[in-house]
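# Understanding the architecture of this molecule
Residue strings, one per chain:
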There are 2 protein chains.
Amino acid sequence: MAVTILKGTIVSARSPERLDITENGYLIAENGVITGVFPTLPEQYAGAPVEDWGNALILQSFADLHLHAPQYPMLGMGMDLPLLEWLNTYTFPAEARFADSGYARTVYRQLARELVENGTTRVCMFSSLHTDATLILMEELERAGVTGYVGKVNMDRNGAPGLLQETTEESRRETLRWLGACGDFRLVKPILTPRFTPSCTDELMAFLGGLAAKQDLPVQSHLSENQAEMAWVRELHPDCLQYWETYAKYGLWNDRTLMAHCVWSDQRERAAMKEAGVTVVHCADSNQNLCSGVAPVRTMLKEGLKVALGSDIAGGDHLSMFDVTAAAIRASKARRIMDGWETDFLTVPEGWYLATSAGAAYFGEQPGFAAGNPLHAIVLQDDRLPQSRPLTAAERLERCVYRRQPDAIRAVFSAGRKVYTAG
Amino acid sequence: MAVTILKGTIVSARSPERLDITENGYLIAENGVITGVFPTLPEQYAGAPVEDWGNALILQSFADLHLHAPQYPMLGMGMDLPLLEWLNTYTFPAEARFADSGYARTVYRQLARELVENGTTRVCMFSSLHTDATLILMEELERAGVTGYVGKVNMDRNGAPGLLQETTEESRRETLRWLGACGDFRLVKPILTPRFTPSCTDELMAFLGGLAAKQDLPVQSHLSENQAEMAWVRELHPDCLQYWETYAKYGLWNDRTLMAHCVWSDQRERAAMKEAGVTVVHCADSNQNLCSGVAPVRTMLKEGLKVALGSDIAGGDHLSMFDVTAAAIRASKARRIMDGWETDFLTVPEGWYLATSAGAAYFGEQPGFAAGNPLHAIVLQDDRLPQSRPLTAAERLERCVYRRQPDAIRAVFSAGRKVYTAG
């Protein structure tokens, strides 16, 4: 039996309100599965090798529940356009490049490496419509040690015909071909991915809903991101009162469904999410960059919805989930200002919980470094920064969220395995 | 005569609307003063040594017109508190440490180095109330090659008595002692710095106004950042209709005055700034972090006010002005959303102009790499990022603004001198 013992200042996000902190503590895993966090080394591990990280912070690694892998090369560009124009001008041509498998290999290898170096070890990710590039993406993630779900995108209308669009038949066929080839992956699994309602015919949506039921597959898509998009969906589906119903009516709306954005989801739509157990993926920077709006995340939490965070590259411009966490907190303050200071903002522990435990919950994990969870962790050394007085672990964590610290991540563990060591 | 010739893709922010781009261009300075940007090497420089940076971007370096040097060690902490509580809980104790000159030396050396490494070569900076630490700060900036203004802070009321507060007499005496010791600095000059109206008695304000006139000194302070602060100022100065008048009535309001924040400055206050030629320093992230509000920057520009950017560490959490630029753009989009999409946002060229040319204007420079300006420049190599197609220089610049690129800054020039080389 393989035992991993990490010693340091252990921060475990057990609830949104509370960080459990164990100074000079021991985080222990057996065969990659956490057995617990202990203030002293339990007797049964006496003599086992301890990785002693001194006073380094040992943190949960991140779960990034919404990002577009093929948009990685356009990260940080085209931000001055609204959503639908941005898709046509920047995004579709960028994604079309992934017809080239060699290009896909190079780009996805770099992406996987950058994710791990930044402490992201769980993802739910959109690929492009290309089956081969999607399989390459899954290979590269698995090789780098990133776990989670990847989806071949389905889009058989309103794409870029001749450049980036499938026929309904191609979409069906390629989806089945892709699923057939996914069997060998251990850490990365398939997730059905209708791009968004305007991209998929009713026929395709019905096919995907059937497939989700038959093969017991999870689903990810976009919801109520932008008002022009919502108006378009109303035109396309006059039979549906609200956007979410265009997913629900095809069986794509359940407790394994991820819906990115939900900026404009009103009380009724939010109630439908809560009722079905859908997870909202909040993408704060993306929503501001594209002038979509500011999602009422704090309100969603209060209402008991499941909420996690997504970098949403390349609508979002930060791959590091430290930045994504800070962005979510900052956006919640913009929202508070917009609401006349009548709504709360996300505190740092709440933001941290969303970026770690709330995302991990989608993968069936318990909050924090709970016993039974696979070991996903970051070792972070922040001692090169100046400080005016001794800091608490909570203050150090807050500084990690906000403050760029080059080379501070010293090691990353994913699914029980050390997948990155600095230097 | 010393000639500097930099070859690369030269981007010059000549106006908020327009980036002048010269591919394979030559940026030339004689004795540290720019003579121009040329598409081919002018004959008179034939045979002179050329620093050929290939296709690297050659950009103006940044001007950060509002930051608090003694808050550098608390960067990224205490963000969950509103302004006035944040001052008392975090800021005043952090600043009090600068009574210790050894501590000041260590921290300010690190700060100066980090500024230069991030391409900030011009600053307007608050020190603490400590004269010796202020002189140390000026020494360290000058040694590192940062130019600009530094102010010993004046605060003789509502500080932290016994920890961080002066008597009126001490404040007067120490200000004069400080000014007397500033004569030897070549690149860093003094600026009068009443902390903000609640921190200074009328007597002290009158003294500073007199000094500004007598010694021809510029002034920096804070204005209309937060509604609780504004209410407090109204209580303290019932004779003044608006906050700005508390500065104006003491002679601290003219075309060399910098006012940070101005989140809540209404049309009348903005007209007073325009009339006097006061420069607004916009600190987007700080205003959101502390839930102060979102300043109507785009409106200020439209009205013809002078606006520049500040990192406002440590209310702001980013020292890099690339981040500060992205934050200003993003905040302008939040503002647009708050305004019901009726106001414009800052475009990337506008944000870039604010972070470079608009800040440099405070130091008497012409926009962009204009002939006659001292050479302040960044050489940036972005070729390690993936790209899906050849990018224009404008796209590369946008990506620099948004995208974290470790070690991309290869060299920095300040006031004609190379002050940083990577690696």
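Residues numbered from 1 in each chain as written. Chains lettered and ligands numbered in written order. Predicted model: local features only at pLDDT ≥ 70, side-chain atom pairs only at ≥ 80, totals over all residues. Heavy atoms only, no water.

## Topic: the overall build of chain A
We count it as follows: Secondary structure follows DSSP: runs of H or I at least 4 residues long count as helices, runs of E at least 2 residues long count as strands, and numbering of each begins at the N terminus. As a reference, a globule follows 2.2 Å times the number of residues to the power 0.38, and the radius of gyration itself is taken over C-alpha atoms. The cut-offs for exposure are 20% and 50% of the maximum accessible area for each residue type, with area from a 1.4 Å probe on protein chains only; residues under the lower value are buried, those over the upper are exposed, and the others partly exposed. Contact between two residues is taken to exist if any of their heavy atoms lie within 4.5 Å; hydrogens are not considered. Accessible areas in this description were obtained via Shrake-Rupley with a 1.4 Å probe; residue shielding takes into account the shown protein chains only. Asp and Glu count as negative and Lys and Arg as positive, but His and the ends of the chain are not part of the count. Charge coordinates come from a single atom per side chain, which is NZ of Lys, CZ of Arg, CG of Asp or CD of Glu.
Assigned secondary structure in chain A consists of 13 helices and 17 strands. Its C-alpha atoms give chain A a radius of gyration of 21 Å, near enough to 22 Å, the size a compact globule of 423 residues would have. For chain A, the spread of C-alpha atoms along the three principal axes comes to 65 × 50 × 35 Å. Here chain A, with 423 residues, has 66% of them falling under the buried criterion. Look at the contacts in chain A between residues 6 or more apart in sequence, and 74% of them connect residues 24 or more apart. On chain A, roughly 14,300 Å² of surface is accessible, and the fraction owed to carbon and sulfur atoms is 49%. Side-chain charges in chain A split into 40 positive and 51 negative, and the spacing between the mean points of these groups amounts to 3 Å.

## Points about the pairing of strand β5 (residues 62-68) of chain A
Residue and element names in this part refer to chain A. How we decide: For two strands to count as paired, DSSP must find a minimum of two bridges between them.
Counting buried positions along β5 yields seven of seven residues, so the element is predominantly enclosed. Pairing geometry for β5 and strand β6 (residues 120-126), over five bridges, is parallel. Paired with F62 across the bridge in β6 is T120.

## Quick word on the domain arrangement of chain A
All names here are of chain A. Worth spelling out the cut-off: Each domain's extent was defined by an automatic or database domain assignment. Buried area is understood as the total, over both parts, of accessible area removed when two parts are fitted together, assessed with a 1.4 Å probe. Each reported salt bridge corresponds to a side-chain nitrogen of Lys or Arg within 4 Å of a carboxyl oxygen of Asp or Glu. Polar contacts, as counted here, are pairs of nitrogen or oxygen atoms within 3.5 Å of one another; within protein the pair requires one atom able to donate a hydrogen and one able to accept it, and residues that are adjacent in sequence qualify only if both atoms are side-chain atoms.
Looking at the assigned domains, one finds that chain A contains domain 1 (3-61 + 367-421) and domain 2 (62-355). Distance between the C-alpha centres of domain 1 and domain 2: 29 Å. Of the roughly 2,100 Å² buried between domain 1 and domain 2 on both sides combined, carbon and sulfur atoms contribute 67%. Contact with domain 2 buries area across many residues of domain 1, yet P16, V401 and Y402 alone supply 28% of it, more than any other trio. Between domain 1 and domain 2 we count zero salt bridges in total. Viewed at the interface, domain 2 and domain 1 are joined by four residue pairs in polar contact (both at pLDDT 80 or more).

## What to know about the interface of chain A and chain B
We count it as follows: Polar here means any residue other than Ala, Val, Leu, Ile, Met, Phe, Trp, Tyr, Cys and Pro, which are nonpolar, and Asp, Glu, Lys and Arg, which are charged; Gly is therefore polar.
Between chain A and chain B, the contact holds 52 residues from the first and 53 residues from the second. For the pair chain A and chain B, the two sides together bury roughly 4,600 Å², of which 52% comes from carbon and sulfur. Of all residues in chain A, D80, R330 and R404 of chain A bury the most surface against chain B, accounting for 15% of the area lost on that side. The residue D285 of chain B makes a salt bridge to R330 of chain A at a minimum N-O spacing of 3.1 Å. Joining chain A to chain B, the criterion identifies 32 residue pairs in polar contact (both at pLDDT 80 or more). Mapped onto the side of chain A that touches chain B, the elements with two or more residues apiece are α1 (83-96), α2 (101-117), α9 (284-289), α11 (321-338), α12 (348-361) and α13 (393-402) of chain A. With eight residues, α11 of chain A is the single largest residue contributor to the side of chain A that touches chain B. Within the side of chain A that touches chain B, the residues separate by chemical class into 24 nonpolar, twelve polar and 16 charged.

## Description of the sheet that holds strand β2 (residues 18-30) of chain A
Residues and elements named next belong to chain A. For clarity, the threshold we go by: For every element, the axis is a line fit to its C-alpha atoms; helices are fit only across the contacting stretch, and the angle between N-to-C directions ranges from 0 to 180 degrees.
Across the sheet, which stays open at both edges, the seven strands sit in the order β3-β2-β1-β4-β15-β16-β17 with mixed pairing between neighbours. In the strand order of this sheet, the two ends are held by β3 (33-38) and β17 (417-421), each with one partner. Averaged over neighbouring strand pairs, the angle between their axes works out to 35 degrees when direction is ignored. Sheet topology places strand β1 (residues 3-15) next to β2; eleven bridges connect them, and they run antiparallel.

## Some words on the packing of helix α4 (residues 168-180) of chain A against helix α5 (residues 202-215) of chain A
Residues and elements named next belong to chain A. Here is the rule: Here the angle decides the label: under 35 degrees means roughly parallel, over 145 means roughly antiparallel, 65 to 115 means roughly perpendicular, and every other value means oblique. Should the near helix be turned counterclockwise from the far one by less than a right angle, the crossing is left-handed, whereas a clockwise turn marks it as right-handed.
In contact at an axis separation of 10 Å, α4 and α5 are set at 20 degrees when each is read in the N-to-C sense. Here α4 is positioned roughly parallel relative to α5, judged by the angle of their axes. You can see that α4 and α5 cross each other, and the crossing is right-handed. Each of T168, S171, R172, T175, L176 and L179 in α4 lies in contact with α5, whose residues at this interface are E203, L204, F207, L208, L211 and Q215. The class makeup of the residues in the contact of α4 with α5 is six nonpolar, four polar and two charged.

## Quick word on the packing of aromatic side chains
Here is the rule we go by: The aromatic pairing rule takes the rings of Phe, Tyr and Trp, using the six-membered ring of Trp, and pairs them if the centres are within 6.5 Å, calling planes under 30 degrees apart stacked, those over 60 edge-to-face and the rest tilted.
The tally for this structure, following the rule as stated, stands at 24 aromatic pairs over all chains. Judged by centre distance (4.8 Å) and plane angle (20 degrees), the ring pair of F98 of chain A and Y108 of chain A falls under stacked. On the criterion of sequence distance, the pair formed by F98 of chain A in the loop between α1 and α2 and Y108 of chain A in helix α2 is long-range, its members being ten residues apart. According to the relative accessible area criterion, Y108 of chain A is buried, its value standing at 0%. Ring centres 6.0 Å apart and planes at 25 degrees place the aromatic pair F322 of chain B and W352 of chain B in the stacked group. One end of the pair, F322 of chain B, is in helix α11 (residues 321-338); the other, W352 of chain B, is in helix α12 (residues 348-361), and 30 residues separate them in sequence. Note on accessibility: F322 of chain B and W352 of chain B belong to one class, buried.

## Some details on helix α3 (residues 131-144) of chain A
Residues and elements named next belong to chain A. Filter applied, for reference: The span you would expect from a helix comes to 1.5 Å times its residue count less one.
The end-to-end C-alpha separation of α3 is 20 Å, in line with the 20 Å expected for 14 residues at 1.5 Å each. Residues of α3 that are buried: T131, A133, T134, L135, I136, L137, M138, E140, L141, E142 and A144. Considering only its buried residues, α3 is in contact with α2, β6, β7 (147-151), α4, β9 (188-190) and β17. Of the residues one or two after α3, G145 is the one with positive phi, at around 100 degrees.

## Quick notes on the packing of helix α3 (residues 131-144) of chain B against helix α4 (residues 168-180) of chain B
All names here are of chain B. One can describe the packing of α3 onto α4 by two numbers: an axis separation of 10 Å at closest approach and a directional angle of 25 degrees. Regarding the angle of α3 to α4, the classification is roughly parallel. Between α3 and α4 lies a crossing of right-handed hand. For the pair α3 and α4, the contacting residues are T131, D132, T134, L135 and M138 in the first and E174, R177 and W178 in the second. Residue composition of the contact of α3 with α4, by class: three nonpolar, two polar and three charged.

## Things to note about the pairing of strand β3 (residues 33-38) of chain B
All names here are of chain B. Bridging between strand β2 (residues 18-30) and β3 involves five bridges; their strand directions are antiparallel. What sits directly across from I28, in β3, is G36. Here β2 folds back onto β3, and the loop between the two strands holds two residues, one of which, N31, carries a positive phi near 50 degrees.

## Overview of the sheet that holds strand β12 (residues 257-261) of chain A
Residues and elements named next belong to chain A. Taken together, the four strands give an open sheet; going across it, the order is β11-β12-β13-β14, and neighbouring strands pair in parallel fashion. Strand pairing shows two members of the sheet lacking a second neighbour, β11 (219-223) and β14 (306-309), which therefore form its edges. Taken over all neighbouring pairs, the strand axes of this sheet differ in orientation by 30 degrees on average, direction set aside. Sheet analysis places β11 next to β12, joined by five bridges and oriented parallel. Opposite V219, over in β12, you have T257 as the bridge partner.

## Quick look at unusual backbone geometry
With an omega of 10 degrees, the peptide bond between I313 of chain A and A314 of chain A qualifies as cis. In this model, C262 of chain A sits at a positive phi of 55 degrees, which is unusual for a non-glycine residue. As for its placement among the helices and strands, C262 of chain A is situated in the loop between β12 and α8 (267-276). At N158 of chain B, a residue that is not glycine, the phi angle is positive and equals roughly 55 degrees. Of note, N158 of chain B is situated in the loop between β8 (153-154) and α4. The exposure class assigned to N158 of chain B is partly exposed, which follows from its relative accessible area of 35%.

## A look at the relation of the copies chain A and chain B
Counted only if it meets this: Overlaid copies result from least-squares superposition on C-alpha atoms, with residues included only where pLDDT is at least 70 in both.
When chain A is brought onto chain B, the operation consists of a screw motion whose angular component is 180 degrees and whose axial shift is 0.0 Å, with 0.0 Å RMSD remaining. One copy is carried onto the other by what is essentially a two-fold rotation axis. Relative to the rotation axis, the C-alpha of M338 of chain A is the closest in chain A, positioned 3.0 Å from it.

## Details of helix α13 (residues 393-402) of chain B
Taking burial as the measure, the ten residues of α13 of chain B include nine buried ones, the bulk of the element. Among the residues of α13 of chain B, those classed as buried are A393, E395, R396, L397, E398, R399, C400, V401 and Y402 of chain B.

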